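Coordinate inspection notes
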Amino acid sequence: MTRTYERINRVYPKDENGHTSAARSYVASVDKFTFTIYPGDNNHMTVTKNGESKTVYIENSTEYTYNLLKTKIQAIDGAKGLYEFIDKALFEKFMDSHAWRVLDWIMDTMKEKART
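It should be emphasised that the depicted structure is a prediction, and the values quoted were computed from it without experimental measurement.

1. Focus: helix α1 (residues 78-92)
An α-helical turn contains 3.6 residues, so a residue and the one three or four places further along point in the same direction. Given a rise of 1.5 Å per residue, 15 residues ought to cover 21 Å, and the 21 Å separating the end C-alpha atoms of α1 matches this to within 8%. Regarding α1, the residues found buried are Gly78, Ala79, Gly81, Leu82, Tyr83, Phe85, Ile86, Asp87, Ala89 and Leu90. At the exit of α1 stands Lys93, carrying a positive phi of roughly 55 degrees.

2. Some words on the pattern of salt bridges
Applying the stated criterion across every chain yields a total of 7 salt bridges. The residue Asp31 makes a salt bridge to Arg7 at a minimum N-O spacing of 3.0 Å. Of this pair, Asp31 sits in strand β2 (residues 26-38) while Arg7 sits in strand β1 (residues 2-11); the two residues are 24 residues apart in sequence, bridging distant segments of the chain. Assigned by exposure class, Asp31 and Arg7 land together as buried.

3. Quick word on the environment of His19
Mapped onto the elements of the fold, His19 is located in the loop between β1 and β2. With relative accessibility at 49%, the residue His19 sits in the partly exposed group. Those residues in contact with His19, other than ones at most four positions away along the chain, are Pro13, Lys14 and Arg24.

4. A word on the side chain of Thr36
With respect to the helices, strands and loops of the structure, Thr36 is situated in strand β2. Exposure remark for Thr36: the relative accessible area of 15% places this residue in the buried category. Looking at Thr36, its side chain comes within polar contact range of the side chain of Thr2, at 3.1 Å. Sequence-distant contacts of Thr36, that is, excluding residues within four places in its chain, are made with Met1, Thr2, His44, Met45 and Thr46.

5. Considering the sheet that holds strand β4 (residues 52-61)
The strand order across the open sheet built from 6 strands is β1-β2-β3-β4-β6-β5, with neighbouring strands paired in mixed fashion. Strand pairing shows two members of the sheet lacking a second neighbour, β1 and β5 (66-68), which therefore form its edges. In this sheet, neighbouring strand axes are inclined to one another by 25 degrees on average, regardless of whether the strands run parallel or antiparallel. Direction of pairing for β4 relative to strand β6 (residues 73-76): parallel, over a ladder of 4 bridges. Looking at β6, one finds that Ser61 is bridged to Ile76. Across the face of the sheet, α1 comes into contact with β1, β2, β3 (41-49), β4, β5 and β6 while running at roughly 40 degrees to β3. Contacts from helix α2 (residues 96-108) reach β1, β2, β3, β4, β5 and β6 within the one sheet, and its direction differs from that of β3 by about 85 degrees.

The rules behind these values
Residues numbered from 1 in each chain as written. Predicted model: local features only at pLDDT ≥ 70, side-chain atom pairs only at ≥ 80, totals over all residues. Heavy atoms only, no water. Helix = DSSP H or I, 4+ residues; strand = E, 2+ residues; numbered from the N terminus. Expected span 1.5 Å × (residues − 1). Buried < 20%, exposed > 50% of the residue type's maximum accessible area, 1.4 Å probe, protein only. Salt bridge = Lys/Arg side-chain N within 4 Å of Asp/Glu carboxyl O. Contact = heavy atoms within 4.5 Å. Polar contact = N/O pair within 3.5 Å; in protein donor to acceptor, adjacent residues only side chain to side chain. Pairing = 2+ DSSP bridges. Axes fitted to C-alpha atoms, helices over the stretch in contact; angles between N-to-C directions.

In structure tokens:
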């Protein structure tokens, strides 16, 4: 299963009084994220950000919705559960900051784990 979402990164410059306003914002960049899980493999997820991909290890956990570590992510129902959480958060735009945090963590901090 694969999903693709775009994140618009906005800049909110300050006025002469040091205040920001959404009316004065502009688009600084757009990031395109794609995340994939594989049938029969509930321990790996591949995330692609602007053409750069990384496959990471997802461990099944009964304690955490997600727990971000450098070498793995612990998530309820493994990769499938994490995939469903991210997809639902981004689609419904509810708790989407958590979903973006997970995707950024994967791309910026985690060590890649090849699928075997």
